[in-house]
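One letter stands for each residue in the lines below.
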Amino acid sequence: MSGIWAKYNALLEAQPLLTKALTSLTGFTIGDILAQKFVNDDGKPYDVMRTIRLGSFGFLVHGTTGHYFYGMLDSKLPGTKPQTVASKVLIDQTLWNPIFGLMFFGYLNVCEGKSFQDYQNKIKADLKTAVMGSWAVWVPAHTINFAFVPPSQRLLYINSIQIGYNVFLSFLGNKEVEGDDEKKEL
C-alpha cells in the first residue's frame with residue numbers, strides 16, 4: 001500500500017493536473033457505478049454511457065477546475081487558522097458550489113444532446129437541491145480539508161468523499177425533469 005501511495009505522490013509531483021484529473025475520473029466513475037447498482041431502483045439496466053459521461057466530467061471538468069480553483073484559494077488565503085479555514089469554506093460553498101452545479105448540469109446536458117431550455121429547466125428544478133445537499137457534506141468535509149489536508153492532497157481527499165457524494169449527484173443529474181416525459185411522447 002505504501003508503494004501505491006508513493007507512486008501516487010510521485011505522479012502528483014510530476015504531473016499534478018493530469019493526476020488530479022485521473023483521480024476525479026476515478027471518483028466520478030465509482031460514484032455513478034454505485035448509484036446505478038445500489039441506489040437507483042427504477043428497474044433500468046446498467047447504463048454504460050451514463051458512467052462514461054460522469055467519469056469524463058470528473059476527468060475534463062472536476063479534476064482540472066478543482067486543481068486551479070483550490071490552488072488559487074490556497075494562494076490567496078494561505079494557512080490553517082480558523083478564520084482562514086472558515087473563509088475558504090464560505091467561498092467554496094457560496095461561490096464555487098453553485099458554479100460547480102451549473103457546470104455539472106451543463107456538461108451532462110451537452111453530452112446528452114439536450115436543448116438550452118432543458119438545461120434551464122434542470123437548473124430551476126435541481127440546482128437548489130444540489131447546492132443545499134452539498135452544504136450537508138462539504139461544509140464539514142472542507143473544514144477538515146482546509147485545516148488539516150496538505151494542499152497537494154486536497155483533490156484526493158475531496159475525491160475520496162466525492163465518491164459517496166457522487167452517488168447523490170449521479171442520481172440528481174440523471175433525474176427526469178418535469179416536462180421531459182411530455183417531450184418524449186411527442
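Residues numbered from 1 in each chain as written. Predicted model: local features only at pLDDT ≥ 70, side-chain atom pairs only at ≥ 80, totals over all residues. Heavy atoms only, no water.

## Some details on the packing of helix H3 (residues 48–76) against helix H4 (residues 82–111)
Spelled out, the test is: Between N-to-C directions, angles cover 0 to 180 degrees, with each direction set by a line fitted to C-alpha atoms, over the stretch in contact for helices. To qualify as a helix, a DSSP run of H or I must reach at least 4 residues; to qualify as a strand, a run of E must reach at least 2; elements of each kind are numbered from the N terminus. Relative orientations are named as follows: roughly parallel for angles under 35 degrees, roughly antiparallel for angles over 145 degrees, roughly perpendicular for angles from 65 to 115 degrees, and oblique for any other angle. Crossing chirality is assigned from the near helix's rotation relative to the far helix, an anticlockwise turn below a right angle marking it left-handed and a clockwise turn marking it right-handed. Polar here means any residue other than Ala, Val, Leu, Ile, Met, Phe, Trp, Tyr, Cys and Pro, which are nonpolar, and Asp, Glu, Lys and Arg, which are charged; Gly is therefore polar.
In contact at an axis separation of 11 Å, H3 and H4 are set at 155° when each is read in the N-to-C sense. Considered as vectors, H3 and H4 are oriented roughly antiparallel to each other. As for the relative orientation of H3 and H4, their crossing is right-handed in sense. Tallied by class, residues from the contact of H3 with H4 come to 15 nonpolar, four polar and four charged.

## Considerations on the nonpolar core
The condition is simple: To qualify as a nonpolar core, a set must consist of buried Ala, Val, Leu, Ile, Met, Phe, Trp, Tyr and Cys residues joined through side-chain atoms within 4.5 Å. For each residue, the accessible area found with a 1.4 Å probe, counting protein chains only, is set against the maximum for its type, and the residue is called buried under 20%, exposed over 50%, and partly exposed in between. Note on contacts: a residue pair qualifies if any of its non-hydrogen atoms lie within 4.5 Å across the two residues.
In this structure, Phe28, Phe57, Tyr70, Phe100, Phe104 and Phe105 are the most contacted members of the largest nonpolar core, which totals 30 residues. Mapped by element, the contributors of at least two residues to this core are H3, H4, helix H5 (116–148) and helix H6 (154–173). Discounting residues that sit within four places of it in the chain, Phe105 has contacts with Tyr119, Lys122, Ile123, Asp126, Leu127, Ala130, Leu172 and Gly173.

## A few points about the confidence of the model for the protein
Stated precisely, the cut-off is as follows: Note: pLDDT gives the predictor's confidence per residue, expressed from 0 to 100.
Averaged over the protein, the pLDDT score is 90; the fraction of residues at 70 or greater is 96%. The element-level mean pLDDT for the protein is lowest in helix H7 (residues 180–185), coming to 50, with H4 highest at 97. Low pLDDT (under 50) marks residues 182–186, which in the prediction has three contacts with non-local residues, meaning those over four places away or in another chain.

## Observations concerning the packing of H5 against H6
Helix-helix packing is described using two parameters, namely the angle between the two axes and the distance between the axes. In contact at an axis separation of 11 Å, H5 and H6 are set at 155° when each is read in the N-to-C sense. Here H6 runs roughly antiparallel to H5, going by the angle between their axes. In this structure, H5 meets H6 at a crossing whose hand is right-handed. In the contact of H5 with H6, the residues fall into 12 nonpolar, seven polar and three charged.

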